Amino acid sequence: MAMIEILQRISDTIWEIPVSYKQGMRVPARIYGTEKIIQELDEAVYDQVTNVATLPGITKYALCMPDGHFGYGFPIGGVAAMDVEQGGVISPGGIGFDINCGMRLVVTNLTYDEVKPHIKKLVDRLYERVPAGVGSTGFVKLSRHEFRKVVEEGAQWCIRNGYGWEEDLQLIEENGCIAGADSAKISEKAIDRGVNQIGTLGSGNHYLEIQIARPENIFDRELAKSLGITIPNQVVVMFHCGSRGFGHQVATDYLQIFLKVMESKYGIKILDRELACAPFHSPEGQAYFAAMKCGINMSFANRQVILHRIREVFSEILKKSPEDLDMHMVYDVAHNTAKLERHIVDGKERSLLVHRKGATRAFAPGMEDLPKQYKNIGQPIIIGGSMETGSYLLVGVNSGEQTFFSTAHGSGRTMSRAKARKIYRGDKLQKEMESRGIYVRSTSYSGLAEEAGGAYKNIDDVIEAAELAGISKRVVKLTPIGNIKG
DNA sequence: ATGTCC
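Chain A is annotated in an unreviewed UniProt entry as tRNA-splicing ligase RtcB from Chlorogloeopsis fritschii PCC 6912. Recorded under Subunit (unreviewed entry), the UniProt text for chain A is reproduced unchanged: "Monomer." Heading Sequence similarities (unreviewed entry) of the UniProt record for chain A holds this comment: "Belongs to the RtcB family."

Draft legend 1. Examining the packing of aromatic side chains more closely. Across all of its chains, the model carries 10 aromatic pairs by this definition. Relative to Tyr163, the ring of Trp157 has its centre 6.2 Å away and its plane inclined at 15 degrees; by these criteria the two rings are stacked. Here the two residues Trp157 and Tyr163 agree in accessibility, since each one is buried. Taking 6.4 Å as the distance between ring centres and 70 degrees as the angle between the ring planes, the aromatic pair formed by Tyr254 and Phe258 counts as edge-to-face. Placement of both Tyr254 and Phe258 in helix α9 (residues 244-261) is noted, with a separation of four residues, approximately one turn of the helix.

Draft legend 2. Spatial organisation of the protein's contact with DNA strand B. Residues in contact with DNA strand B amount to 14 residues; listed here are only the nearest, Arg193, Ser203, Gly204, Asn205 and Arg417. The sugar-phosphate backbone supplies 55% of the atoms of DNA strand B found within 4 Å of the protein. In this structure, a phosphate oxygen belonging to DNA strand B sits 2.5 Å away from a side-chain N or O atom of Arg417. Looking at which element gives the most residues to the surface near DNA strand B, the answer is α9, with three residues. Taken together, the residues of the surface near DNA strand B break down into two nonpolar, eight polar and four charged.

Draft legend 3. Structural view of the UniProt feature "binding site: Mn(2+) 2" (unreviewed entry) in chain A. UniProt tags His240 and His335 as "binding site: Mn(2+) 2" (unreviewed entry). A compact arrangement is adopted by the annotated residues: their sequence extent is 96 residues, whereas the largest C-alpha distance between any two is 10.2 Å. If sequence neighbours within four positions are ignored, His240 has contacts with Cys101, Gly102, Met103, Leu201, Asn205, His206, Tyr207 and His335. By the element assignment, His335 lies in the loop between β11 (329-334) and β12 (336-345). Contacts of His335, omitting those with residues within four sequence positions, involve Cys101, Gly102, Met103, His240, Arg356, Lys357, Gly358, Ala359, Thr360 and His409.

Draft legend 4. Region of the structure containing the sheet that holds strand β4 (residues 58-69). The strand order β1-β2-β3-β4-β5-β13-β12 describes an open sheet built from seven strands, whose pairing is mixed. Edge positions in the sheet fall to β1 (8-11) and β12, since each of these pairs with one other strand and no more. Along the sheet, successive strands turn relative to each other by an average axial angle of 25 degrees, direction set aside. As defined by bridge partners, β1 adjoins strand β2 (residues 14-17) across three bridges and the pair is classed as antiparallel. Counterpart to Arg9 in the pairing with β2 is Trp15. Packing against the sheet, helix α2 (residues 44-52) makes contact with β2, β3 (29-32), β4 and β5 (76-83), and its axis sits at approximately 155 degrees to β4.

Draft legend 5. A look at the UniProt feature "active site" (unreviewed entry) in chain A. If you check UniProt for "active site" (unreviewed entry), the listed places come out as His409 in our numbering. Note on placement: His409 falls in the loop between β17 (406-407) and α11 (417-423). A residue is classified by how much of its surface remains accessible, and His409, at 11% relative accessible area, is buried. Dropping the residues within four chain positions of it, His409 is found in contact with Asp67, Ile76, His335, Gly358, Ala359, Thr360, Ile383 and Gly384. Polar side-chain contacts of His409 include one of 2.5 Å to the side chain of Asp67.

Draft legend 6. View of the side chain of Thr34. Looking at where Thr34 falls in the secondary structure, it is placed in the loop between β3 and α1 (35-39). Residue Thr34 is classed as buried on the basis of its relative accessible area of 16%. Leave out the neighbours within four places in its chain, and Thr34 touches Asp12, Thr13, Trp15 and Ala465.

Draft legend 7. Spatial organisation of the side chain of His206. Of note, His206 is situated in the loop between α7 (188-194) and β8 (207-213). Judged by its relative accessible area of 9%, His206 falls in the buried class. With residues up to four places along the chain from it excluded, the contact list for His206 reads Asp98, Cys101, Leu201, His240, Cys241, Gly242, Ile484, Lys485 and Gly486.

Draft legend 8. A look at the pairing of strand β13 (residues 348-357). Burial of β13 is extensive: seven of the 10 residues sit out of reach of the surface. Taken together, the 10 bridges between β12 and β13 define a ladder with antiparallel strand orientation. Pairing of Leu340 across the sheet is with Leu353, part of β13. Joining the antiparallel neighbours β12 and β13 is a turn of two residues, in which Asp346 adopts a positive phi near 50 degrees.

What counts, and at which threshold
- Residues numbered from 1 in each chain as written.
- Chains lettered and ligands numbered in written order.
- Predicted model: local features only at pLDDT ≥ 70, side-chain atom pairs only at ≥ 80, totals over all residues.
- Heavy atoms only, no water.
- UniProt positions renumbered as here; feature names shortened; annotations may be inferred.
- Phe/Tyr/Trp six-rings, centres within 6.5 Å; stacked < 30°, edge-to-face > 60°.
- Buried < 20%, exposed > 50% of the residue type's maximum accessible area, 1.4 Å probe, protein only.
- Helix = DSSP H or I, 4+ residues; strand = E, 2+ residues; numbered from the N terminus.
- Near = heavy atom within 4 Å.
- Polar contact = N/O pair within 3.5 Å; in protein donor to acceptor, adjacent residues only side chain to side chain.
- Nonpolar A, V, L, I, M, F, W, Y, C, P; charged D, E, K, R; others polar.
- Contact = heavy atoms within 4.5 Å.
- Pairing = 2+ DSSP bridges.
- Axes fitted to C-alpha atoms, helices over the stretch in contact; angles between N-to-C directions.

Listed below in structure tokens is the structure:
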């Protein structure tokens, strides 16, 4: 029997695997996607999402967003809400190695015509001022002691030290500083790896992109206006990065700790070592939660310093102040995280640890934690597509309740990095993209080949599936004209 | 994703 026949079709875009599929499943698994997306889905995702469904405390469903694909333990695109009052666990594999990896979007008052003559200079200068690539180090020189403050204070440390505007903070989840980050829970090795990485982009699918909001790509003019997209062919800057080697080391440290205590101390048996976890209310679980929050703050600080550099570069090349260029933030939202949230499940409000691993929080209008200017329209959602095809700005909707208010985070890969390297050539791709009006700079041609648009699902399909399923609403598609890739 | 294996 083909694997796809195991799926029960709930709607055009929601597919369920019942608990009878695998011993130990506590809840059904649900995969989001159009029929086309489901047909092309790597069947290993079925195995991963149903493994997740066996974890203690999992509530309602183990979920996979329409951009889902195979990942470490959990699928990328995975959402799992654990009831922390019912023995719910915290699992690094449900958050990702790149803790609080996320997207930030900033607007300008410039049009494509105004920026076009400067695009190469802008991209070249950004490439110099925002270090990218494996092992890159930043311009912010910190002592280990000061770096510990950064990971406890996040973007708030940056604003105090002149990297950005006060108004930026309210446009970041948690106002740029999640409470409860405790650097006493961080290893010296993690400090070593992170201390020189503030203000750096990283590698892989991390990038910084100059984009255009073309009039034909605006799906809702009123909402677009509320989000700062107000002029035809407006230039915006989007970037994607996370907590670099710091977050990676935090995840590595706690995976080891969890593997030691999970079964012997807590009697938790799992189907895959990569799902290592600990009860949320255990010393180990709480220590990881506090350490993971340092990763969250490190990534907020990282993106804040990068934003500062972007404003500097635009100001230098366009010969106007960032204020005169109206370089306001739209929002900063993460897609590799676990947050303690209150959700209503079967009519009862419960305290859930919502793991989002390659999944974006998508709060509906009126929910708490939204900046006041977005309270009525819902949370801005920033979804980065491949560097060739474009990205999206969306908002959260009421029916997002079905996924604990979560949606997709990107296009989702359709082939491995190794396969992409065989099919595409970075130098050729760079030339082709330039001829199509996208000027791209990268630290590595092989890295560029891995990120070819053809190695990803069609972003329009993913976004459409999310909208049809009622987990987010399209506002504007943003298309690239310049890209800095790690 | 990642000092792309201690």
